[in-house]
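# Geometric and topological summary
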Amino acid sequence: MPLRRAVPRPSGFSLVELLVTITIIGVLMSLLLPAVQAAREAARRVGCVNNLHQISVALQVYHTANKSFPPGCLEPAFRTANGRQFAWAAFLLPHIEQMGLNDSIDFTKPSYASANAPAAAQVISVYLCPSTRRSSPLVQGRGASDYGGLFGEAIQPLSSSWVAENGVMIYDRAFSIKDIRDGTSYTIVVSEDAGWTDGQWINGLNIFDQKYGINVIPSNPRLLENEMRSDHPGGVNCAFCDGSARFLSQFTDLKTLKALITRAGGEDEHLGILSRAQ
């Protein structure tokens, strides 16, 4: 009786095996992508806090040289005729390795003068948060800044005023460390302020008073102002008057936030916040 020869099975995957493999890969990718995105955002947040730490250290160096921090805004144009309207960030240029750019600015002329336009258009990476979503590093033709100086707090409904000059970065006045009576470790000097139209490092209007909680967008668009706001999930990075930088949760109690912004408010709500802000 003749032997029957075995028919060899075709090599490769069957359709069912291929579909199962694709399904498994899809499930693994759906689990992996959020983790990758979270890791990337964590790295961007670290880059942002490093920027603010560099800014905070530069403020200390400036203070050592000038016996005070820079003014938040020098000669705002809406208060002073032909005001120069230079921002605190412009005065830090020599201390963030931008001496060449500093030397190219004519500080005797307004920051918005045509003579200063080429310098104003320079993009400075230290002033940009890696997480901020933007189509251009320029704002109205000037180098953007995602960090604003704290003019003060007028947090609603805790404050009776809509504007308060109780922060460190105000108009035409420079404060020294001895003026920070609430303690330099408990007083914010610069915070993330992403996506605002005045967010230009040379523009003296790049200061603000805080009216809401962190990352809060008011329901009434007419009340939308520059605030402590970022594209980081959960909070913002801040520079403190002691040369440090830290992340603050968007769930920070409003009384605590108020205490951290004022330079000499005498509040005690800030006690213990540093350990919770990490």
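Higher on the page you've got the structure.
Everything in this summary refers to the structure shown in the same document.

Rules and cut-offs
- Each chain carries its own residue numbering, running from 1 in the direction its sequence is written.
- Reporting in this predicted model follows two pLDDT cut-offs: at least 70 for local features of residues, and 80 or more for side-chain atom pairs to be given and counted; totals over whole chains, interfaces and linings ignore these cut-offs and use all residues.
- Water and hydrogen atoms play no part in the side-chain values, which are based on all heavy atoms of the structure.
- Here a helix means four or more residues in a row that DSSP labels H or I, a strand means two or more in a row labelled E, and each is numbered from the N terminus.
- Remark: exposure states derive from per-residue accessible area (1.4 Å probe, protein chains only) relative to the maximum for the residue type, with buried under 20%, exposed over 50%, and partly exposed in between.
- Between two residues, a contact is recorded if the distance between any of their heavy atoms is within 4.5 Å.
- For accessible areas, the Shrake-Rupley method is used with a probe of radius 1.4 Å. Any residue's cover is judged against the shown protein chains and nothing else.
- In this text, buried Ala, Val, Leu, Ile, Met, Phe, Trp, Tyr and Cys residues form a nonpolar core when linked through side-chain atoms within 4.5 Å.
- Pairing between two strands requires that DSSP report at least two bridges joining them.
- For helices, the axis comes from a line fit to the C-alpha atoms of the stretch in contact; other axes are also lines fit to C-alpha atoms, and the angle between any two N-to-C directions lies between 0 and 180 degrees.
- Between Lys or Arg on one side and Asp or Glu on the other, a salt bridge is scored when a side-chain nitrogen of the former is within 4 Å of a carboxyl oxygen of the latter.

Here we come to the overall build of the protein. Across its full length, the protein carries 6 helices and 9 strands. Residues classed as buried in the protein amount to 46% of the 278 residues present. For the protein, restricting intrachain contacts to residue pairs at least 6 apart in sequence, the fraction spanning at least 24 positions comes to 64%. About 14,300 Å² of surface is accessible on the protein, with carbon and sulfur atoms providing 58% of the total.

What follows covers the nonpolar core. Counting 42 residues, the largest nonpolar core has Ile-55, Trp-88, Tyr-127, Val-190 and Trp-201 as the members making the most contacts within it. Elements represented by at least two residues in this core include exactly helix H1 (15-66), strand S1 (73-74), strand S2 (86-87), helix H2 (88-91), helix H4 (117-120), strand S5 (147-153) and strand S6 (188-192). Among the nonpolar cores identified, the runner-up in size contains 13 residues, and Cys-238, Phe-240, Leu-248 and Leu-257 belong to it.

Looking now at the environment of Arg-79. Of note, Arg-79 is situated in the loop between S1 and S2. Accessibility expressed as a relative area gives 49% for Arg-79, which makes it partly exposed. Distance from Arg-79 to Tyr-171, taken between C-alpha atoms, is 9.4 Å for residues 92 residues apart in sequence. When near neighbours in sequence (up to four residues on either side) are disregarded, Arg-79 contacts Glu-165 and Tyr-171.

Position of Arg-142 among the secondary structure elements: in strand S4 (residues 142-143). Residue contacts for Arg-142: discarding those within four places in its chain leaves Tyr-112, Ala-120, Ala-121, Pro-137, Gln-200, Ile-202 and Asn-203.

Here we come to the pairing of strand S7 (residues 207-210). By the alternation rule, side chains of S7 split into Ile-207 and Asp-209 and Phe-208 and Gln-210, which are all buried. The pairing of S5 with S7 spans 4 bridges and is classified as parallel. Paired with Gly-149 across the bridge in S7 is Ile-207.

The strand order S7-S5-S6-S8-S9 describes an open sheet built from 5 strands, whose pairing is mixed. Strand pairing shows two members of the sheet lacking a second neighbour, S7 and strand S9 (245-249), which therefore form its edges. Neighbour-to-neighbour, the strand axes of the sheet open up by a mean angle of 40°, direction not taken into account. Its contacts with the sheet put helix H5 (residues 254-261) on S5, S6, S7, strand S8 (235-240) and S9, and the angle it makes with S5 is roughly 105°.

Looking now at the pattern of salt bridges. Counted under the stated rule, the structure contains 8 salt bridges. Residues Asp-209 and Lys-211 are paired through a salt bridge, measuring 2.8 Å at the closest nitrogen-oxygen approach. What makes Asp-209 buried here is its relative accessible area of 7%. Residue classification places Lys-211 among the buried positions, given a relative accessible area of 1%. Notably, a salt bridge pairs Arg-246 with Asp-242, separated by 3.5 Å at the nearest N-O pair. On the basis of relative accessibility, which here comes to 13%, the residue Arg-246 falls in the buried class. With a relative accessible area of 28%, Asp-242 lands in the partly exposed category.

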